[in-house]
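Here is what each chain is made of, one letter per residue.
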Amino acid sequence: MSKLIGDFTEKRAKKILKRMFDIYEQNLLCNVDLIVGNNRFPVPKLILVTNSDFFQNLINDATNEIVLEDSDEILAESVQKAIKFLYLGEIDLQPHEAENIIKFSRMIQVRELEEYCLLYLEKITDSKNYILIEDFAKHHGYLQLLEQTKAFIAKNYLEIIQQEEFLNMTCERLGELLQSDDLNVEREEQAFKGLKIWLLNNFESRKEHVDTLLKYIRLPLLPVKFILDEVRPLCSDSFTCCEMFLNTFDYHHNLEKRPRFLSLNSKPRKCSKQTILIIGGQNDAIAGKIEVYDVNNDKWSNYYNLYNETAHFGAVVLNNKLITIGGVIDGKVTNKVFCFDFVTKETTELQGMQSERCSFSATVIDDQIFVIGGRNDMQVLNSVERYDLVTNMWTNVADMLTTRYEFTIATFEKNIYVIGGVNNIDDRIKTMEIYDTIKNTWTRAPPMREKRHNFSAVAMGDYIYAIGGSAGSSALKSVERFEIKSQTWTSVACLPVAKMMHKAIAFDEKIICVGGFFEKSTVEYDPNRDKWTDRGSIMAARFHFNILVLPIPIMKNE
């Protein structure tokens, strides 16, 4: 009943205000003249007083006109639309009118009209008027509108560089745009494309800005051939550009010297950063599916269906291709290895491992795949195999000191840290051992504080994090980290929800922890704040799956 009465009251109020506005348009019952510049506008006192404290302090029974000082620049059309807003709470706006109406609304102190105009500008921001709106927001100090417009420009960069308005952007504004980490480009070549378009529009007068603007292009992310063919011709004989090119070439060819090139920005932009994939696992609804994480929209979506349904398997990325290894296929432990090409969507079978295995771990170091431990139908394993992509061959390397499965690993420099799991007599363990891939040797390391299996581990900074898992039949919330320098384990913030059979990965200086035993939550750990936060959910619950970071962006499969 109360809602029905409320709806009736609102409809009646709107009807009365509309009739009052019709009377005003006929210039009836207007008892005060509002003088704006050289124009006179008859208006009812009641409308002015009820909309603005400014008029309430000026108007009394004897008032017959109000002169607004310094109002010569206010257009008559703006005043007429503002008065209409005082009646109806809405008006028809055009982008070029907003600034004048806002100026008038500030003069008569009607904050609602100013907010209405700002919301309108936010709503109609597009590639044809973004400079107009950005300049207006900057000039009048509308910080929220300014930030929103800048975000729009960065997000729609590839569309905007095709517009005429982009060619009129100042050098300073273009520099600010090109150095933005939010620039929406999948490849740095696209960022350079905008710079090239802007320069060539009037190259003779703009070539003096090449040195300045090229600093904002992340040259290490460009292929050397692209630099030689596309970038170098625009630089004439600039010493600064030549120095940047030489440093970039040195960066590409001398990996050990990379930390010295602090002047080169080699960090991928947010939109061209790595892609998180989750692959396969158990749960009939998702077995064989790949989901991809859209970092910009904080959303998971289906990407592709695998060639088979796989669980308890290993997965790595090598040469930007997905390699899936062993595991359980159609209920049988296998040694099969498959390669999936993200570009062609084709799958090929590679040389199989020497041993069938599942519930093991796999990683890549120096373009070689290492698979460690696990089990087959008969026994728990401590054997380790190494795969060479060039020869397409697997070879045995030094065995682990302990047989184990359902453990996890983390890599730091050239070393593989193997942690926890279940041993050959079905005991959960907390031991850790380290494999030196250069020396082909294993050494024992300090154990975790708790026994864990079916947990996840992530190396980030100088630490290795052991997250969740199980010490028996129930899942754990606890998290501990191992400081590599001091060789000590300490507890950190617990998971917000207990997890086992989940996966975690380092991404953008955070830890993303995904899924688990019949649950699909995603949580993120910030080591600087020692805090976990919710990051939504994957599309379907899955466990005994794999998670990977692909070093290139990929689009959702349509």
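**Some words on the overall build of the chain**
- Per the secondary structure count, the chain includes 15 helices and 28 strands.
- Here the chain has a C-alpha radius of gyration of 32 Å; the compact-globule value for 558 residues is 24 Å, and the former is much larger.
- For the chain, the spread of C-alpha atoms along the three principal axes comes to 100 × 75 × 45 Å.
- The buried share of the chain, taken over its 558 residues, is 49%.
- Sequence separation of 24 or more characterises 53% of the internal contacts of the chain that already satisfy a separation of 6 or more.
- Surface exposure of the chain reaches about 28100 Å², of which carbon and sulfur atoms provide 48%.
- Here the chain holds 66 positive side-chain charges and 78 negative ones, and the gap between their average locations is 4 Å.

**Section: helix 6 (residues 111-124)**
- The end-to-end C-alpha separation of helix 6 is 20 Å, in line with the 20 Å expected for 14 residues at 1.5 Å each.
- Looking only at helix 6, the buried set comprises Leu113, Glu114, Cys117, Leu118, Tyr120, Leu121 and Glu122.

**Observations concerning the packing of aromatic side chains**
- Within the structure shown, the criterion is met by 19 aromatic pairs.
- Ring centres of Tyr463 and Tyr465 lie 6.3 Å apart, and the angle between their planes is 55°; this geometry places the pair in the tilted category.
- Since its relative accessible area comes to 23%, Tyr463 is described here as partly exposed.
- Through a chain of ring-to-ring contacts, three or more aromatic side chains come together here, namely Tyr303, Tyr304, Phe340 and Phe342.
- Lying across the ring of Trp198, Arg206 places its NZ or CZ 4.1 Å from the centre.
- Here the guanidinium or amino end of Arg481 rests over the ring plane of Tyr463, the centre of that ring lying 3.9 Å away.

Here is what the cut-offs are and how they apply
- Residues numbered from 1 in each chain as written.
- Predicted model: local features only at pLDDT ≥ 70, side-chain atom pairs only at ≥ 80, totals over all residues.
- Heavy atoms only, no water.
- Helix = DSSP H or I, 4+ residues; strand = E, 2+ residues; numbered from the N terminus.
- Rg over C-alpha atoms; globule rule 2.2 N^0.38 Å.
- Buried < 20%, exposed > 50% of the residue type's maximum accessible area, 1.4 Å probe, protein only.
- Contact = heavy atoms within 4.5 Å.
- Areas by Shrake-Rupley, 256 points an atom, 1.4 Å probe, with all protein chains shown as cover.
- Lys, Arg positive; Asp, Glu negative; His and termini not counted.
- Charge placed at Lys NZ, Arg CZ, Asp CG, Glu CD.
- Expected span 1.5 Å × (residues − 1).
- Phe/Tyr/Trp six-rings, centres within 6.5 Å; stacked < 30°, edge-to-face > 60°.
- Lys NZ or Arg CZ within 6 Å of the ring centre and 35° of its normal.

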